Amino acid sequence: MADLGNPKNTIAVLQKYQFNFAKKFGQNFLIDTHVLDKIIQAAEITKEDYVLEIGPGIGTMTQYLCEAAKAVIAVEIDDNLIPILQDTLQAYDNVTVLHQDILKVDLTELVRERCEGKPIKVVANLPYYITTPIIMGLFEGQVPLTSVTVMVQKEVAQRMQAGPGTKDYGALSLAVQYFSQPYLVANVPPNCFMPRPKVGSAVIRLTRHEKPPVEVKDQRLLFALIRASFNQRRKTLVNGLSNSPEISFSKEEILKAVEALGAGLTVRGEALTLEQFARLADLLK
Ligand code: SAM
């Protein structure tokens, strides 16, 4: 099958199947061979690797992944793309297409069953409407993986890498950095996709930490504190935590812990580092 990274070949497939893009599934197909090469390179795929691709579309990146990897599992939700993928991927015997919603797949089970128990590499041009649940599901769900190399909205890539005190810093930054080391691979303009998205995009690689950079007694409490602090971003940390339905400590307990943190009682959550959030969780525990 011809290289679908070439726009002419993509158009031919879309016409052959009279495919209509489904907006609700965040469909923006890649039509730039340089970007595709860059993604495969950044993901460091070798013939030893099992790869999970989320949302293969018409199979453009899947073809590149099949060439580079030992095996590829591609999970696609759209009924209309399944017959197309059978056609565009027919030359490859190392790909399995699963017709499912990625948010409903038990990925840990999938990896155990199909990947000899080896950790996978995740590679995707993500559907932007579910970027955060996908990333958090992969990390918090403890799916055995070594890295996640994905196309996301440019602003989301910025949030993933942001540090304390910046406007982009938030719950996503802290969660991503707790589990992984983010690295911005490339910014990608709208004309590399069909149809063109309204927003800029970026490829980001998240390399999973073998061990989180901070130790904390209760990881669930850590994330509850982080979420509560950023839900009411403009409030002080003490008020944000006291008002949160997710946090069950009294205002006195919270005041005591924040005081012990030594950052001042009027500090806002957005000024705290991951280490400080971990320390706060341990103080409250
Ligand atoms: N990988 C293709 C490419 O780069 O050309 C398509 C990427 S497109 C941005 C996102 C893909 O994810 C679409 O094929 C869409 O149908 C699929 N998708 C959307 N929601 C999904 C879900 N919940 N589970 C699995 N696939 C989904």
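Look up: the structure comes first, before these words.
Below, the structure is looked at part by part. (Residues numbered from 1 in each chain as written. Predicted model: local features only at pLDDT ≥ 70, side-chain atom pairs only at ≥ 80, totals over all residues. Heavy atoms only, no water.)

1. Some points on the site of the ligand
- Around the ligand there are 23 residues in total, and L30, G55, E76, N125 and Y129 lie nearest to it.
- Here a nitrogen atom of the ligand and a side-chain polar atom of D101 are 2.9 Å apart.
- For the ligand, the accessible surface in isolation is 590 Å², of which the surrounding protein chains cover 99%.
- Among the elements of the structure, β1 (29-30) and β3 (71-76) are those that each provide at least two residues to the shell around the ligand. (Near = heavy atom within 4 Å. Polar contact = N/O pair within 3.5 Å; in protein donor to acceptor, adjacent residues only side chain to side chain. Areas by Shrake-Rupley, 256 points an atom, 1.4 Å probe, with all protein chains shown as cover. Helix = DSSP H or I, 4+ residues; strand = E, 2+ residues; numbered from the N terminus.)

2. A closer look at the side chain of R208
- Mapped onto the secondary structure, R208 falls in strand β9 (residues 201-208).
- Salt bridges are absent for the buried R208, whose nearest opposite-charge side chain, E210, sits at 10.0 Å.
- Of the polar contacts made by the side chain of R208, one reaches the backbone oxygen of V143; its length is 3.2 Å. (Buried < 20%, exposed > 50% of the residue type's maximum accessible area, 1.4 Å probe, protein only. Lys, Arg positive; Asp, Glu negative; His and termini not counted. Salt bridge = Lys/Arg side-chain N within 4 Å of Asp/Glu carboxyl O.)

3. Some thoughts on the environment of V13
- Looking at the secondary structure, you find V13 in helix α1 (residues 7-16).
- Residues V13 and D87, 74 residues apart in the sequence, show an inter-C-alpha distance of 9.4 Å.
- Sequence-distant contacts of V13, defined by excluding residues within four places in its chain, comprise L4, I58, I84 and T88. (Contact = heavy atoms within 4.5 Å.)

4. Side note on the sheet that holds strand β4 (residues 95-99)
- Here we have seven strands laid out as an open sheet, ordered β4-β3-β2-β5-β6-β9-β7, and mixed in their pairing. Looking at which strands have only one partner, the edges of the open sheet turn out to be β4 and β7 (180-188). Pairs of neighbouring strands in the sheet enclose a mean axial angle of 20°, with direction left out of account.
- Relative to β3, strand β2 (residues 50-54) runs parallel, the two being bridged by five bridges. Counted as the bridge partner of I54 is V75 from β3.
- Strands in contact with helix α8 (residues 171-179) are β7 and β9; relative to β7, the strand with the most contacts, it is inclined by about 115°. (Pairing = 2+ DSSP bridges. Axes fitted to C-alpha atoms, helices over the stretch in contact; angles between N-to-C directions.)

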